[in-house]
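# Descriptive analysis of the structure
The chain contents come next:
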Amino acid sequence: MKVITGFHSIEERVNVFAKEKERTQKKAGEVDNCKIFYNKIGPRVKKILETAQKAGVAAQKVDEAKLVELVQDLPQALQDHRGIVMTVTGEKQRAQNLVDFESWLKQSDEKQKQTVVILDKVTDPHNVGAILRSCDQFGADLVIIPEHNSASNIGENEVIGRTSAGASAWVPVSIVNNLTRAAEMLKQKGFWIYGADAGGETCSNIDFADKTVIIMGSEGNGISSLLEKQCDSIVSIPTCGKIDSLNVSVAAGVLLYELYRRKLQNQK
């Protein structure tokens, strides 16, 4: 059984069930692998319960002790249930390295230095696999991939697994619905956002923050305009060739190495 806490995480899961019910025209009450437990009805909980009812997700009012019991085996940062908990059973086992973004974010305060990579509509599984391999070798803490318009089937894509040389099973990956919202949440946690683009400032001139996010744009169109607005700085890699730019996976590897190299220097 999986236990989910946090308003946003529960809302996301309930919305998935609601959309599925709308698509398949299932009758209320047919979602039998999940349940919501609550004991406080604030505005957020009320909204979740209303959506759950429409989606056919059962909800039960319980006392505080029951909620504490449900979350007791979760990491400390996730035990703050705020009056509502969702349980899910019978789901197909996901790859062990796939992590819930909000849950990861809650625990991000535990490390002073972290590197996150956001892949903005990188659709070629060869590129995703190569980037994951670089993330493994240079110690990236998380890779964030959009649910749509990307090679997001990390655990099942043979090309990604082969190209990453197995790193796709080890590097922590979060698949999210909205990259812009994810970037906003990272900024709220003290991360600085750097977008990779050929027209940016040379990476050797940038003093990267301890908590760094690198955004790698799509193979054809680069970083989307909404996501670019979240960037604190645009960073480029100095080159001397005659073609326009580096392949996205090569560029990611160069930037990750630069961050790793500086980390090693600071440890001396």
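Quick caveat: nothing in here was measured; it's all calculated off a predicted structure.

### Focus on the confidence of the model for the chain
Here the chain shows a mean pLDDT of 83. Residues at 70 or above account for 83%. Across the chain, the secondary-structure element scoring lowest on mean pLDDT is helix H6 (residues 158-163), at 52, and the one scoring highest is strand S9 (residues 211-216), at 96. Every residue in residues 154-158 is under pLDDT 50, and counting partners more than four places away or in other chains gives eleven contacts.

### A closer look at a nonpolar patch on the surface
Taken together, the side chains of Leu246, Val250 and Val254 present a nonpolar region at the surface, about 200 Å² in accessible area. When you line up the elements, Val254 lands in helix H9 (residues 248-267). Given the relative accessible area of 32%, Val254 is considered partly exposed.

### Re the pattern of salt bridges
All chains considered together, the criterion is met by eight salt bridges. One salt bridge in this structure joins Lys189 and Asp109, with 3.1 Å as the shortest N-O distance. Here the residue Lys189 occupies a position in the loop between helix H7 (179-188) and strand S8 (192-202), and Asp109 occupies one in the loop between helix H4 (101-106) and strand S5 (114-119), the gap between them amounting to 80 residues. The class of Lys189 is partly exposed, set by a relative accessible area of 28%.

### Details of the sheet that holds strand S10 (residues 233-236)
Ordered by their spatial adjacency, six strands build an open sheet running S7-S6-S5-S9-S8-S10, and the pairing between neighbours is parallel. Both edges of this open sheet fall to strand S7 (173-176) and S10, since each of them pairs with a single strand only. Going across the sheet, the axis of each strand differs from the next one's by a mean of 30°, ignoring polarity. Sheet topology places S5 next to strand S6 (residues 142-146); three bridges connect them, and they run parallel.

### What about the packing of helix H5 (residues 125-137) against H9?
To characterise two packed helices, one gives the angle between the axes of the helices and the distance between these axes. Interhelical geometry of H5 versus H9 gives an angle of 10° and a closest axis separation of 8 Å. The pairing of H5 with H9 is recorded here as roughly parallel in orientation. Between H5, through Asn127, Ala130, Ile131, Ser134 and Cys135, and H9, the contact on the second element is made entirely by Val248, Ser249, Ala252, Gly253 and Leu256. Across the contact of H5 with H9, the residue classes break down as six nonpolar, four polar and no charged.

About the criteria used
Residues numbered from 1 in each chain as written. Predicted model: local features only at pLDDT ≥ 70, side-chain atom pairs only at ≥ 80, totals over all residues. Heavy atoms only, no water. pLDDT = per-residue confidence, 0-100. Helix = DSSP H or I, 4+ residues; strand = E, 2+ residues; numbered from the N terminus. Contact = heavy atoms within 4.5 Å. Patch = residues over 30% accessible without salt bridge, like charges linked within 9 Å, V, L, I, M, F, W, Y side chains within 5 Å. Areas by Shrake-Rupley, 256 points an atom, 1.4 Å probe, with all protein chains shown as cover. Salt bridge = Lys/Arg side-chain N within 4 Å of Asp/Glu carboxyl O. Buried < 20%, exposed > 50% of the residue type's maximum accessible area, 1.4 Å probe, protein only. Pairing = 2+ DSSP bridges. Axes fitted to C-alpha atoms, helices over the stretch in contact; angles between N-to-C directions. Parallel < 35°, antiparallel > 145°, perpendicular 65-115°, else oblique. Nonpolar A, V, L, I, M, F, W, Y, C, P; charged D, E, K, R; others polar.

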